[in-house]
Amino acid sequence: MSEALFINVEVDASVAGDLTLARKLEEVCPVDIFAADEFGVSIVTENLDECVLCGLCLHASPPGAVRVIKLYDDGALLAA
Ligand code: SF4
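It should be emphasised that the depicted structure is a prediction, and the values quoted were computed from it without experimental measurement.

A word on the site of the ligand. Around the ligand, the neighbouring residues are Cys-29, Pro-30, Val-31, Ile-33, Phe-34, Cys-51, Val-52, Leu-53, Cys-54, Gly-55, Cys-57 and Leu-78. When atom positions are compared with the pocket grids, the ligand is found to occupy the largest cavity. For the shell around the ligand, the class distribution of residues is 11 nonpolar, 1 polar and no charged.

Hydrogen bonding along the main chain pairs the strands of a sheet, whether they run parallel or antiparallel. The strand order β1-β4-β5 describes an open sheet built from 3 strands, whose pairing is antiparallel. The open sheet terminates on both sides in strands that have one partner only, identified here as β1 (7-11) and β5 (76-77). Alignment of β1 against strand β4 (residues 66-70), held across 5 bridges, turns out to be antiparallel. Counterpart to Asn-8 in the pairing with β4 is Ile-69.

Moving on, we get to empty space enclosed by the protein. Under the defined criterion, the tally for this structure stands at 1 cavity of 30 Å³ or more. Considering the residues around the largest cavity, the lining is formed by 15 residues, among which Cys-29, Ile-33, Cys-51, Cys-54 and Cys-57 are closest to the centre.

With that out of the way, let us pick up the environment of Phe-6. One can find Phe-6 in the segment before β1. The exposure class assigned to Phe-6 is partly exposed, which follows from its relative accessible area of 45%. As a C-alpha pair, Phe-6 and Asp-74 span 68 residues in sequence and 10 Å in three-dimensional space. The contacts of Phe-6, once residues within four sequence positions are left out, are Asp-49, Ile-69, Lys-70, Leu-71 and Tyr-72.

Calculation criteria
- Residues numbered from 1 in each chain as written.
- Predicted model: local features only at pLDDT ≥ 70, side-chain atom pairs only at ≥ 80, totals over all residues.
- Heavy atoms only, no water.
- Near = heavy atom within 4 Å.
- 1 Å grid on protein atoms, 1.4 Å probe; cavity = no way out; pocket = protein on both sides within 12 Å on 5 of 7 lines; lining within 4 Å.
- Sits in = over half its atoms within 2 Å of the grid points.
- Nonpolar A, V, L, I, M, F, W, Y, C, P; charged D, E, K, R; others polar.
- Pairing = 2+ DSSP bridges.
- Helix = DSSP H or I, 4+ residues; strand = E, 2+ residues; numbered from the N terminus.
- Points joined across faces, edges and corners; volume = space filled by probe spheres on them.
- Buried < 20%, exposed > 50% of the residue type's maximum accessible area, 1.4 Å probe, protein only.
- Contact = heavy atoms within 4.5 Å.

Here's what the structure looks like:
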C-alpha cells in the first residue's frame, strides 16, 4: 500500500526547490519521509504513515513551509 491513510506531508511550493532545506529535511526526519535531489525536496509517499509526529521537520523549516496533516484527525495540522 503506497497511499497514506493517516498522515500527509506537504512542502510549500515556495521552498520545495530549496536544496539546503531539502537536505536538512532529509537529514532530520527519522523515518525518511523527505528525499532531497537536485530539484529540491520530494515526499516519499510510502513512508508517510511512518510519521512519528516528532515535529523536527517543522523546526527545520521556515514557519508554514512544511505541513504535517493528520488525516485521521479531520486534517488537523501538527503544531510546531
Ligand atoms: S513530524 Fe517527524 S516523522 Fe513526521 S515528517 Fe516531520 S520529521 Fe518526519
